[in-house]
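Commentary on secondary and tertiary structure
The lines below spell out each chain.
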Amino acid sequence: MKPPPASSGSARSLRRWLRSAGFAWTGVRHAWATQANFRIEAVLGTVALLLCWALRVSPAPVLLCCALVLGLELINTAVEALSDHVSAEWQPQIKVAKDAAAGAVLIASALSLLVGLSVFGPPLWRLMLSLLH
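What you see is a predicted model; the values in this text were computed from it and never measured. (Residues numbered from 1 in each chain as written. Predicted model: local features only at pLDDT ≥ 70, side-chain atom pairs only at ≥ 80, totals over all residues. Heavy atoms only, no water.)

Re the overall build of the protein chain
- For the protein chain, the helix and strand inventory stands at four helices and zero strands.
- In sequence order, the secondary structure elements of the protein chain are arranged as α-α-α-α.
- A compact globule built from 133 residues should have a C-alpha radius of gyration of about 14 Å, whereas the protein chain, at 20 Å, is more than 25% larger.
- Structurally, the protein chain occupies a C-alpha span of about 65 × 45 × 20 Å along its principal axes.
- Counting across all 133 residues of the protein chain, residues that qualify as buried make up 21%.
- Within the protein chain, counting contacts between residues at least 6 apart in sequence, those at least 24 apart form 58% of the total.
- Summed over all atoms, the accessible surface of the protein chain reaches about 10000 Å², with 72% contributed by carbon and sulfur.
- Here the protein chain contributes 11 positively and 6 negatively charged side chains, and the mean placements of these two sets differ by 19 Å. (Helix = DSSP H or I, 4+ residues; strand = E, 2+ residues; numbered from the N terminus. Rg over C-alpha atoms; globule rule 2.2 N^0.38 Å. Buried < 20%, exposed > 50% of the residue type's maximum accessible area, 1.4 Å probe, protein only. Contact = heavy atoms within 4.5 Å. Areas by Shrake-Rupley, 256 points an atom, 1.4 Å probe, with all protein chains shown as cover. Lys, Arg positive; Asp, Glu negative; His and termini not counted. Charge placed at Lys NZ, Arg CZ, Asp CG, Glu CD.)

Written out as C-alpha cells, the structure reads:
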C-alpha cells in the first residue's frame, strides 16, 4: 500500500482538514467492519441515546460516555494492529500494550454503566412507581 503524499498547505486549509477527516473516517469504518466490540458498543450507545429521548433526560453524559468508550476502542484497535505488525511472535511488552489498551476500554465501559445507572435509574424508578399505582 502506497502511503499518502505529505500534506501541503496551511493547517487552516479546508482541503487539508477534509482529507484528514477522510483518513479518520476510514479508521472508524475499519473498526466497524472488523471489531465486534466496536459494533456492540455503538449499538448499546444508540440504545442509551434513544432511552434518553424516551425518558426525557439530558443526553450529555451519555454522549460523553459513548465518545469515551468508542474513542478508546479505536485506540485499542490501533494498538492491536500496530503491535501485530511489529511482531507476530509473542512479546511481553506487546502483551502489556494490548492489555493496557483493552483495560482502558474496560474501565471506560464499566464507569459508563455507572453513569447510565445514575442517569436512567431515577426516571425508570419513577416510571415503575407510577405504573404500580
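Focus: the nonpolar core
- Formed by Ala 48, Cys 52, Leu 55, Val 62, Cys 66, Val 119 and Phe 120, the largest nonpolar core amounts to seven residues.
- Of all the secondary structure elements, the ones that give two or more residues to this core are α2 (36-55), α3 (60-86) and α4 (92-132).
- Here the element with the most residues in this core is α2; it accounts for three residues.
- Each residue touching Val 119, except ones within four places of it in the same chain, is listed here: Val 57, Ser 58, Pro 61 and Val 62. (Core = buried A, V, L, I, M, F, W, Y, C linked by side-chain atoms within 4.5 Å.)

Comments concerning α4
- Between its first and last C-alpha, α4 extends 56 Å over 41 residues, near the 60 Å set by a 1.5 Å rise per residue.
- By the largest-angle criterion, Phe 120 marks the main kink of α4, which is about 40 degrees, and a proline, Pro 122, follows within four residues.
- All of the buried residues in α4 are Ile 94, Ala 101, Val 105, Ala 108, Ser 112, Gly 116, Val 119, Phe 120 and Pro 123.
- Where α4 is buried, its residues contact α2 and α3. (Expected span 1.5 Å × (residues − 1). Bend = angle between axes of the 7 residues up to and from the residue.)

Details of unusual backbone geometry
- Although it is not a glycine, Arg 56 adopts a positive phi angle of roughly 55 degrees.
- Here Arg 56 shows up in the loop between α2 and α3.

Side note on the side chain of Ser 83
- Among the secondary structure elements, Ser 83 is positioned in helix α3.
- Looking at Ser 83, its side chain comes within polar contact range of the main-chain oxygen of Val 79, at 2.7 Å.
- Excluding its chain neighbours within four sequence positions, the residues that come into contact with Ser 83 are Ile 94 and Lys 98. (Polar contact = N/O pair within 3.5 Å; in protein donor to acceptor, adjacent residues only side chain to side chain.)

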